[in-house]
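# Secondary and tertiary structure notes
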Amino acid sequence: MEVQVLMSESTNSSRSTDIPSTTIEEIDLDTLVRVDNLCKYYEDDRGLIDWALSRDPEKVRAVDGVSFEIKRGETLGVVGESGCGKSTLARTIMGLHQPTEGTVLFAGKNVAEQVKSDRKRFARRAQIVFQDPSSCLDPRLTLREIVREPLDIHKVGPKPHRNERVEELIERVGLATDQLDRYPSELSGGQRQRIGIARALALDPELLLLDEPTSALDVSVQAQILNLLQEIQEEYNLSYLFISHDLSVIRYLSDRVMVMYLGKIVEIAPSEVIFEEPAHPYTEILLSSTPSKKANIDGKQVRNADIPSPRNPPRGCRFHTRCPVVVPPDNHNVEFEQDEWLAVFDYKLRLRSGRLDTNKLTELVELQDNKTENQTNIKEVVRETCGIPQTLSDSTAEEVLDDSLSALADGDTETALECIAVDFESPCEKQNPPVMHISEGHHSACLRTENE
Ligand code: SF4
């Protein structure tokens, strides 16, 4: 394999959750795209509270320090729940967004600089296909004009030959040339997506970024579009970054799969490895929600359905607020059974996020004149709400918890949190999990992987 030595253009060193790289990079010529520590943050307008507190608005960390490569001719699938940063990633690679930090190298050249100096030339080499083709097909143009437009803009070939090229492309994507004088509104969703693909192919690109290209289509049409994408990939030697939330579609098309959670890569591996031997708890849960797979983590699901906001992501491992196997405290004061630990941790997270409001709890129990009895009732309701047994098996843990519950029952949430701050702190809250190498091409960012 040919190897090219390039100087890294990234100066940022905070890459503890990235695929590791060195200062002087070796990039083989098979690599079409190299993303290094890419971050894309958005800033909201200042809200009233920001004005009142004279502070800057919090940044939305849509993509937060990701590194990976796309080889020539390969399909890299990107999967994750909505809001994990998949689409922002695609748009930043395309140069449609300026990165906040980090670099995207396309065939060894920095995309941000290329876009500035010669957007047209870069646009010929990389194209994007969107989920909803209607949004990028001008309804006033005929299909012929839509597919011909990029050829005219980029002055590709002599004018008389451009119509021939349009007809060739239309036929290649499975449409008849007698449809060329129709308008997008006269087509079905699948036909519109075929036009979107024909237009993307017009400039003979090397990379297609496919952003949920089949998710708006019926299942039978989806299969046809996937087959078409597979055929043209081979024919045109295309590389794909293929984004989808549908794991069966990802599995069908991808050579490698990258799993994203709240702007970070949590796992990346060859497709068969991700589906047969996932290492990260989040990947296991994603797979368990597909009908063909069973939950692997002792049948557990996410502990909390709410995805935290990328505006204020959890510290440490971003998945710790939902992870069903979050690591118990590593101090020697307390010892937990795993189920007890998860319940106690849930109590802590509810407390921290204000989801255990003493006023509401008081409404739940019958108000008594006797303060001690009332306090006991509140403590019982909290234990029941969080699934904590009446007595924890470790007596020290029980004592710490009881102090915290007593403070909560007195309406003092701050002290309730302080009581459990040290003894009930998971390493997953404290530490950004480093990326661990598991096997060839397989990396995962989880403290449990590190400890196994
Ligand atoms: S680091 Fe902890 S919270 Fe994060 S996935 Fe691993 S076990 Fe779960």
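No experiment lies behind these values; they were computed from the predicted model shown.

## Considerations on the pairing of strand β11 (residues 256–261)
Counting buried positions along β11 yields six of six residues, so the element is predominantly enclosed. Alternating positions in β11 separate into two faces, R256, M258 and M260 on one and V257, V259 and Y261 on the other, with burial throughout. Of the pairings in the sheet, the one linking strand β5 (residues 75–79) to β11 comprises four bridges and is parallel in character. Across the sheet, the residue bridging to V78 is M258, located in β11. Pairing of β11 with strand β12 (residues 264–270) involves six bridges; the strand directions are antiparallel. Looking at β12, one finds that V259 is bridged to E267. Once β11 ends, the chain turns through two residues before running back antiparallel as β12, passing L262 with a positive phi of about 45°.

## Regarding the site of the ligand
Taken together, the residues surrounding the ligand are H280, P281, C317, F319, H320, C323, V325, C428, C446, L447 and R448. Here the residues of the shell around the ligand are counted per class, giving eight nonpolar, two polar and one charged.

## Describing the pattern of salt bridges
One pass over the full model with this rule turns up 28 salt bridges. We note a salt bridge from E43 to K59, for which the minimum N-O separation is 3.7 Å. With E43 in strand β3 (residues 31–43) and K59 in strand β4 (residues 59–71), the pair connects residues that are 16 residues apart, well separated along the chain. Judged by relative accessible area, E43 falls into the exposed class, the value being 53%. Ionic pairing is found between R350 and D346, a salt bridge with its closest N-O pair at 3.1 Å. Note that R350 and D346 are positioned in helix α11 (residues 338–352) at a spacing of four residues, about one turn of the helix. Beyond isolated ion pairs, a larger network of salt bridges with shared partners links R34, E69 and K71.

## Quick notes on the confidence of the model for the protein
Residues at a pLDDT of 70 or more form 83% of the protein, whose mean pLDDT is 85. Within the model, pLDDT remains below 50 along residues 1–25, and this stretch shows 63 contacts once partners closer than five positions in the same chain are excluded. A low-confidence stretch, residues 292–296 stays under pLDDT 50, and its non-local contacts, those more than four residues away or across chains, total nine contacts.

## What to know about the packing of aromatic side chains
All chains considered together, the criterion is met by seven aromatic pairs. With a centroid separation of 5.1 Å and 70° between ring planes, the pair formed by Y282 and F319 is classed as edge-to-face. Of this pair, Y282 sits in helix α10 (residues 281–288) while F319 sits in the loop between α10 and α11, placing them 37 residues apart in sequence. For Y282, a relative accessible area of 1% gives the class buried. Take F319: its relative accessible area is 1%, and that puts it in the buried class. Three or more aromatic residues joined by ring pairs make a cluster, and in this case those are F336, W341, F345 and F424. The ring of Y41 is capped by R61, whose NZ or CZ atom sits 4.7 Å from the centre of that ring.

The rules behind the values
All residue numbers here refer to positions counted from 1 along the written sequence of the relevant chain. Local features in this predicted model are restricted to residues of pLDDT 70 or higher, and side-chain atom pairs are both shown and tallied only at a pLDDT of 80 or more, whereas totals for entire chains, interfaces and linings draw on every residue. Processing note: side-chain calculations cover all non-hydrogen atoms of the structure and skip hydrogens and water entirely. Relative accessibility thresholds used throughout: buried, under 20% of the residue-type maximum; exposed, over 50%; partly exposed, between the two (1.4 Å probe, protein chains only). Secondary structure counts use DSSP, requiring at least four H or I residues in a row for a helix and at least two E residues in a row for a strand, with both numbered from the N terminus. Note on pairing: DSSP must find at least two bridges between two strands before they are called paired. Near, as used in this document, describes a residue that has one of its heavy atoms within 4 Å of the molecule or strand being considered. Residue polarity follows a fixed list, in which Ala, Val, Leu, Ile, Met, Phe, Trp, Tyr, Cys and Pro are nonpolar, Asp, Glu, Lys and Arg are charged, and the others, Gly among them, are polar. Salt bridges, as used here, are contacts in which a Lys or Arg side-chain nitrogen is within 4 Å of a carboxyl oxygen on Asp or Glu. Looking at any residue, its pLDDT shows the predictor's confidence there, from 0 to 100. Two residues qualify as a contact provided that any one of their heavy atoms is within 4.5 Å of a heavy atom in the partner residue. In this analysis, rings of Phe, Tyr and Trp, with Trp reduced to its six-membered ring, are considered paired at centre separations within 6.5 Å, and the interplanar angle assigns stacked below 30 degrees, edge-to-face beyond 60, and tilted for intermediate values. Charge-over-ring placement is defined geometrically: NZ (Lys) or CZ (Arg) within 6 Å of the ring centre, and within 35 degrees of the ring normal.

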